[in-house]
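Each chain, letter by letter, is given below.
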2 protein chains.
Amino acid sequence: MPEAARQALADAVGAGGLLTDPADCWPYGYDNSRRQCLPQAVAFVTDAEQVAAVVRVCNAHRIPLTARGLGTGTTGATVPEPGGVVVSFERMSRILAIDPANRLAVVEPGVVNDDLQRAAAEHGFFWPPDPTSAAVCTIGGNLAYNAAGPKAVKYGTPRENTLGLEAVTGTGERLRTGVMTSKGVVGYDLTRLIIGSEGTLALVTRATLKLTPLPEAKRTLRATYRDIHSAAAAVAAIMAQPITPCALEFMDAAAIDMVRRFSDLGVPDGTGALLMIEVDGPADCVDAAAEDVGAAARNDGLIELAVAADKDEIAALWRTRKALSPALRHVAPKKINEDVVVPVARIATFIDGLEHLSREHAITIVNFGHAGNGNIHVNLLVNPDDPDEMARAAVCLSAVFDLVVELGGTLSGEHGVGLEKRDFVDRELDPVAMDLMRAIKRQFDPNGILNPGKGLPPA
Amino acid sequence: MPEAARQALADAVGAGGLLTDPADCWPYGYDNSRRQCLPQAVAFVTDAEQVAAVVRVCNAHRIPLTARGLGTGTTGATVPEPGGVVVSFERMSRILAIDPANRLAVVEPGVVNDDLQRAAAEHGFFWPPDPTSAAVCTIGGNLAYNAAGPKAVKYGTPRENTLGLEAVTGTGERLRTGVMTSKGVVGYDLTRLIIGSEGTLALVTRATLKLTPLPEAKRTLRATYRDIHSAAAAVAAIMAQPITPCALEFMDAAAIDMVRRFSDLGVPDGTGALLMIEVDGPADCVDAAAEDVGAAARNDGLIELAVAADKDEIAALWRTRKALSPALRHVAPKKINEDVVVPVARIATFIDGLEHLSREHAITIVNFGHAGNGNIHVNLLVNPDDPDEMARAAVCLSAVFDLVVELGGTLSGEHGVGLEKRDFVDRELDPVAMDLMRAIKRQFDPNGILNPGKGLPPA
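Residues numbered from 1 in each chain as written. Chains lettered and ligands numbered in written order. Predicted model: local features only at pLDDT ≥ 70, side-chain atom pairs only at ≥ 80, totals over all residues. Heavy atoms only, no water.

Participant: Whenever I open this one, the relation of the copies chain B and chain A confuses me. Can you help?
Facilitator: The two chain copies are connected by a rotation around an axis plus a translation along it. Each copy superposes on the other: chain B lies on chain A with an RMSD of 0.0 Å after a rotation of 180° and an axial shift of 0.0 Å. Taken together, the turn and the small shift mark the pair as related by a two-fold rotation axis. (Least-squares fit on C-alpha atoms with pLDDT ≥ 70 in both.)

Participant: Which parts of the structure should I look at to understand a negative patch on the surface?
Facilitator: There is a patch of like negative charges on the surface, built from Glu216, Asp284, Glu291 and Asp292 of chain A together with Glu216, Asp284, Glu291 and Asp292 of chain B. Listing elements by their share of the negative patch, those giving two or more residues are helix 10 (286-297) of chain A together with helix 10 (286-297) of chain B. Counting through the fold element by element, glutamate 216 of chain A comes out in the loop between strand 11 (212-213) and strand 12 (217-225). (Patch = residues over 30% accessible without salt bridge, like charges linked within 9 Å, V, L, I, M, F, W, Y side chains within 5 Å. Areas by Shrake-Rupley, 256 points an atom, 1.4 Å probe, with all protein chains shown as cover. Salt bridge = Lys/Arg side-chain N within 4 Å of Asp/Glu carboxyl O. Lys, Arg positive; Asp, Glu negative; His and termini not counted. Charge placed at Lys NZ, Arg CZ, Asp CG, Glu CD. Helix = DSSP H or I, 4+ residues; strand = E, 2+ residues; numbered from the N terminus.)

Participant: I would appreciate a short explanation of the packing of aromatic side chains in the present structure.
Facilitator: Residues and elements named next belong to chain B. Within this structure, the stated rule accounts for 6 aromatic pairs over all chains. Seen from their ring centres, tyrosine 28 and phenylalanine 44 are 5.3 Å apart, and the 85° between their planes marks the pair as edge-to-face. One end of the pair, tyrosine 28, is in the loop between helix 2 (22-25) and strand 2 (41-44); the other, phenylalanine 44, is in strand 2, and 16 residues separate them in sequence. For the pair shown, tyrosine 28 and phenylalanine 44 are each scored as buried. The positively charged end of arginine 68 is found above the aromatic ring belonging to tyrosine 30, 5.0 Å away from the centroid. (Phe/Tyr/Trp six-rings, centres within 6.5 Å; stacked < 30°, edge-to-face > 60°. Buried < 20%, exposed > 50% of the residue type's maximum accessible area, 1.4 Å probe, protein only. Lys NZ or Arg CZ within 6 Å of the ring centre and 35° of its normal.)

Participant: I would appreciate a short explanation of the state of the cysteines in the present structure.
Facilitator: Applying the stated criterion across every chain, the model contains 1 disulfide over all chains. Paired by a disulfide, cysteine 285 of chain A and cysteine 285 of chain B hold their sulfur atoms 2.1 Å apart. One end of the pair, cysteine 285 of chain A, is in the loop between strand 14 (273-281) and helix 10; the other, cysteine 285 of chain B, is in the loop between strand 14 (273-281) and helix 10, on a second chain. Take cysteine 285 of chain A: its relative accessible area is 5%, and that puts it in the buried class. (Disulfide = S-S within 2.5 Å.)

Participant: In this structure, what is going on with the packing of helix 8 (residues 228-239) of chain B against helix 13 (residues 347-361) of chain B? I would like to understand it.
Facilitator: Each packed pair of helices is defined by two parameters, the angle between the axes and the distance between the axes. All names here are of chain B. Contact geometry for helix 8 and helix 13: axes closest at 8 Å, N-to-C directions at 155°. It follows that helix 8 is roughly antiparallel to helix 13 by the angle criterion. Considering how the two elements wind past one another, helix 8 and helix 13 form a crossing that is right-handed. In contact with Ile228, His229, Ala232 and Val235 of helix 8, helix 13 contributes Ile347, Ala348, Ile351 and Asp352. Residues belonging to the contact of helix 8 with helix 13 are distributed by class as follows: 6 nonpolar, 1 polar and 1 charged. (Axes fitted to C-alpha atoms, helices over the stretch in contact; angles between N-to-C directions. Parallel < 35°, antiparallel > 145°, perpendicular 65-115°, else oblique. Left-handed = near helix turned anticlockwise from the far one by under 90°. Contact = heavy atoms within 4.5 Å. Nonpolar A, V, L, I, M, F, W, Y, C, P; charged D, E, K, R; others polar.)

Participant: Would you mind showing me how to read unusual backbone geometry here?
Facilitator: If a residue is not glycine, its phi is most likely negative; likewise, a peptide bond is most likely trans. Residues and elements named next belong to chain B. Here the phi dihedral of glutamate 198 falls at roughly 55°; this positive angle occurs in a residue that is not glycine. As for its position among the elements, glutamate 198 is in the loop between helix 7 (190-194) and strand 10 (202-210). Among the residues examined, glutamate 198 registers a relative accessible area of 5% and is labelled buried. The residue asparagine 451 is not glycine, and still its phi comes out positive at about 45°. One can find asparagine 451 in the segment after helix 15 (431-444).

Participant: Can you help me understand the pattern of salt bridges in this one?
Facilitator: If the charged atoms of two oppositely charged side chains come close together, the side chains can form a pair. Counted by the stated rule, this structure contains 46 salt bridges over all chains. Close ionic contact of aspartate 445 of chain A with lysine 441 of chain A constitutes a salt bridge, the shortest N to O distance being 2.7 Å. Relative accessible area serves as the criterion here: at 1%, aspartate 445 of chain A is assigned to the buried category. Where glutamate 338 of chain B meets lysine 421 of chain B, a salt bridge forms, and the shortest distance between an N and an O atom there is 3.0 Å. Of this pair, glutamate 338 of chain B sits in strand 16 (residues 334-341) while lysine 421 of chain B is found in the loop between helix 14 (387-406) and helix 15, placing the two residues 83 residues apart along the sequence. With respect to class, glutamate 338 of chain B is no different from lysine 421 of chain B; both count as buried. In this structure, a network of salt bridges that share partners links the residues Arg159 and Glu160 of chain A together with Asp189 and Arg192 of chain B.

Participant: Can you help me understand helix 1 (residues 3-13) of chain A in this one?
Facilitator: Residues and elements named next belong to chain A. Ala5, Leu9, Ala10, Ala12 and Val13 are the residues of helix 1 that are buried. For helix 1, the angular spread of the buried residues around the axis is 160°, confining them to a single face. Exposed side chains of helix 1 directed beyond 90 degrees from the buried face belong to Ala4 and Asp11. Considering only its buried residues, helix 1 is in contact with strand 1 (18-19), strand 2 (41-44), helix 3 (48-61) and strand 4 (85-88). (Arc of directions from axis to C-beta.)

Participant: I'm lost on the sheet that holds strand 9 (residues 174-178) of chain B in this one. Help?
Facilitator: Pairing between sheet strands relies on hydrogen bonds along the backbone, with the strands arranged either parallel or antiparallel. The antiparallel open sheet is built from 5 strands, whose spatial order is 5-6-10-8-9 (chain B). What marks the edges here is a single partner per strand, and that holds for strand 5 (95-99) and strand 9 of chain B. Taken over all neighbouring pairs, the strand axes of this sheet differ in orientation by 15° on average, direction set aside. Looking at chain direction, strand 6 (residues 104-107) of chain B and strand 10 of chain B are connected through 4 bridges and run antiparallel. Paired with valine 107 of chain B across the strands is alanine 207 of chain B, a residue of strand 10 of chain B. On top of the sheet, helix 15 (residues 431-444) of chain A reaches strand 8 (162-169) and strand 9 of chain B; it is set at about 75° to strand 9 of chain B, its chief contact. (Pairing = 2+ DSSP bridges.)

Participant: How should I be thinking about the UniProt feature "domain: FAD-binding PCMH-type" (unreviewed entry) in chain A in this particular structure?
Facilitator: Annotation from UniProt places "domain: FAD-binding PCMH-type" (unreviewed entry) at residues 35-214 of chain A. Along residues 35-214 of chain A the backbone is 22% helical and 26% strand, and the end-to-end C-alpha distance reaches 37 Å. (UniProt positions renumbered as here; feature names shortened; annotations may be inferred.)

Participant: Help me understand the interface of chain B and chain A, please; the structure alone is not making it clear to me.
Facilitator: Think of interface size as the accessible area that goes away when the parts come together; that is how it is often given. Listed per partner, the contact involves 83 residues of chain B and 83 residues of chain A. Taken over both partners, the interface formed by chain B and chain A buries close to 6,800 Å², and the fraction arising from carbon and sulfur atoms is 62%. Taken as a group, Lys183, Val185 and Tyr188 of chain B account for 14% of the area that chain B buries against chain A, more than any other trio of residues on that side. At the surface where chain B touches chain A, the tally comes to 6 salt bridges. Its salt-bridge partner being glutamate 414 of chain A, residue lysine 183 of chain B comes within 2.7 Å of it at the nearest N-O pair. For the interface between chain B and chain A, the tally reads 30 residue pairs in polar contact (both at pLDDT 80 or more). At the level of secondary structure, the elements contributing two or more residues to the side of chain B that touches chain A comprise strand 9, helix 7, helix 8, helix 10 and helix 15 of chain B. By residue number, the principal contributor to the side of chain B that touches chain A is helix 15 of chain B, which donates 9 residues. (Buried area = accessible area lost by both parts, 1.4 Å probe. Polar contact = N/O pair within 3.5 Å; in protein donor to acceptor, adjacent residues only side chain to side chain.)

Participant: Help me understand the packing of helix 11 (residues 311-322) of chain A against helix 12 (residues 324-331) of chain A in this model?
Facilitator: Here helix 11 of chain A crosses helix 12 of chain A at 35°, and the two axes come no closer than 6 Å. From helix 11 of chain A, Thr320, Arg321 and Lys322 of chain A reach across to helix 12 of chain A, where they touch Leu324, Ser325 and Pro326 of chain A.

Participant: Would you take a moment to explain the nonpolar core for this structure?
Facilitator: As a rule of thumb, soluble globular proteins bury nonpolar side chains together. Residues Phe350 of chain A together with Phe350 of chain B are the most contacted members of the largest nonpolar core, which totals 176 residues. Leaving out residues up to four positions away in the same chain, phenylalanine 350 of chain B has contacts with Val340, Val342, Ile376, Val378, Val400, Leu403, Val404 and Leu407 of chain B. Ranked by size, the runner-up nonpolar core spans 27 residues in total, among them Ala5, Ala53, Val85 and Ile449 of chain A. (Core = buried A, V, L, I, M, F, W, Y, C linked by side-chain atoms within 4.5 Å.)

Participant: Can you walk me through the side chain of serine 230 of chain A in this structure?
Facilitator: Residue and element names in this part refer to chain A. The topology assignment puts serine 230 in helix 8 (residues 228-239). Note on serine 230: relative accessible area 12%, which makes it buried. Not counting residues up to four positions away in its chain, the partners in contact with serine 230 are Tyr225, Asn299 and Gly301.

Participant: I would appreciate a short explanation of the environment of glutamate 420 of chain B in the present structure.
Facilitator: Residue and element names in this part refer to chain B. Residue position: glutamate 420 is located in the loop between helix 14 and helix 15. Take glutamate 420: its relative accessible area is 28%, and that puts it in the partly exposed class. In sequence terms glutamate 420 and arginine 176 are 244 residues apart; their C-alpha atoms lie 31 Å from each other. A polar contact of 2.8 Å, which involves the side chain of glutamate 420, links it to the side chain of arginine 35.

Participant: Where do I start with empty space enclosed by the protein in this structure?
Facilitator: Which parts of space are left empty comes out when a probe the size of a water molecule is rolled across the atoms. Summed over all chains, the structure comprises 4 cavities of 30 Å³ or more. If you add up the space inside the second largest cavity, you get close to 300 Å³. In terms of lining residues, the second largest cavity is bounded by 27 residues, among which Arg159 of chain A together with Leu163, Val179, Gly184 and Arg192 of chain B are the most central. Within the residue set of the lining of the second largest cavity, elements represented by two or more residues are strand 8, strand 9 and helix 7 of chain B. The element that contributes the greatest number of residues to the lining of the second largest cavity is helix 7 of chain B, accounting for 3 residues. When its residues are assigned to classes, the lining of the second largest cavity shows 8 nonpolar, 11 polar and 8 charged. (1 Å grid on protein atoms, 1.4 Å probe; cavity = no way out; pocket = protein on both sides within 12 Å on 5 of 7 lines; lining within 4 Å. Points joined across faces, edges and corners; volume = space filled by probe spheres on them.)

The following block contains the structure:
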């Protein structure tokens, strides 16, 4: 980096705001994809004007710039380019307002998801996006990936739960998008365009989020099935009746077997698939809602339908589901974790196809995820030290993506594209749409300094 | 129009698909703004390839092109440019799929909103956007304006209820955006960018819509208040508690007086404001929900809280609200009807400000609308034959918009911008955002043939 650029960055963020020693910068060069790249500098911004100043310096010197929350993403979208600068939002983490009557919160991007939830809960509200990493991921990251979680089936993703943004373009210009209200149709929808763009269009410096009232009560059910077909039929039946669950999670046989190795699941023998179902609402309604959803969950393949009676039982039921990710880390040296989506009615066909691909390529595949959205986390378990297995896995993964597209699905429901899926997205995206996306990118970031190489393959 | 262009258009849409006689074209040159402009030709498209062919002809000859559903818009957005061509979607009105397990419908843009609702209802579903004009407006128009209605307070607008689109750009290229599923984060969100763009970016040729299960039951309440402050306080209290109503409509004193002249309202004497409140949900829950919402609606200014006991009483309660638009047409030769939005907690301040402006400019202002969204229909009643009054109204309207922006609101919640508000949107929109919108427009429509002059003021 030219000394003038380093000095200008230091001037932009003030004393103590810039790291340039490689040893200091190293921890800011990775994310949960386990990819890593050393940035030339890390700039800790504390307000929007600093963000704009940093971007202007990088733009003037054509230095690639990658925004970073707390690095929990799984696709490499926060891994910097070689020679790039990381803008860390960890010191820009204030909750600026919680406004119950207007059902909104105003936050800086570095706010941790759980911290917002706690602040909103004091007023009887929550922000629906609830990634598994909520305790350690930031709102800025949630917006960058349009990250969601189990509650999305009822309450939507960040795109449905964000009213407006403040952001900085690739030329360092500050802009304001959207509204403070739950309706607004003046101008084009730049808010949702920026959400999910993985820091390639603009850096969010402030977000106005739509809050939802906390439900009074919740009921948790666990349904076990003989096979995936019965479970998938139950999912379709549940989604075709009036009560929308606030979580509808599933695990396939391989996932159940995996957890069994590490903990007492308490699921009946012969379980080939499992659903976790939650309903929420007014206290005097959730029992009836649980009954209705339970009725839809019943079919010939149901083995057992368990309703949690109290908090301990809820925790016990969720233990199975939550034991899964750690179990996977123990079982295989590496998991290739994809979060594809297929239409709900095609989940069974998809899982059948995955079993076929697993046998064909001799790769263990474990599946779980947000069944109500058709959002399936497909995990290929592999040993990176076995080049033959890694080669088979690559071919298998490619076939998985083809199957998803063939079934009318999408390659990512909530993890985003980043580097991991970048070279596959042209299988899904329309070529005219992709050209327009690249053209839009050039309007926001004419010199291509904002997180280059992420999200879309080179033209 | 050059003969070559006319012939190419006729070739594109086939025999019987093109009108060029001014007498035939005249009825396709207006919308509900009462603006009118004679198009040179009207092309009736029947499939996406025809749409693309028509756009290519217009692009080659630089002929402005305006899409048209059934002309119910109120902002002039479907009024063609002088010398322009109207593309009518009235013959492209097939419902292609209703898919309950995947909770989606696939429709052509000319489908009438009510027809979709009926088809979805057979499967136990509905599409939430419900403009007052649902019986005569098209889905394509709903998407063009992001038009909503009373249900938006609980169920959202088209942007929250559309999964994907097929569309044609200003160069006649066909593209596909979005997904078939309720989650998807691959590529930038072109779906929401096109929604609300009033036919200036692309012409929608097919939409995949997210369906919602029909609630089992509904309860309707009418609350009358001594003054707008009490009613506004009730709205804020209702929105700050857990039950979200599926309609939360309001009328101010002037609106109530207006209706009184034409029908027996049955509202108590001294009523200064009125709320219509609906809750929906499972049959065994709606009474409790109505009680909770009713409790939030109670305050010192409440005069009467009436709960409808049956269908007739529901109809009677809604009669007041529905009598309003026709009454306004009777009372004044012209109403300047704006659908501004302010944060819910600022409704009372806003109505106070309107009363002040009404007195200051000697213009009658009648207000009603979707209070739960802060979406207030502000009606300035004027006589177009009185130039002095029209001049005062123009000054007053400008002050209304300034007040909206000052209160953190937006100039339009669901009607859109079109021609009517075009020259005011720079008061609300950020200048950098507006430049980006214009730049995006150029990527979709480099020659500026798609509905030129609508939505954004000239640079």
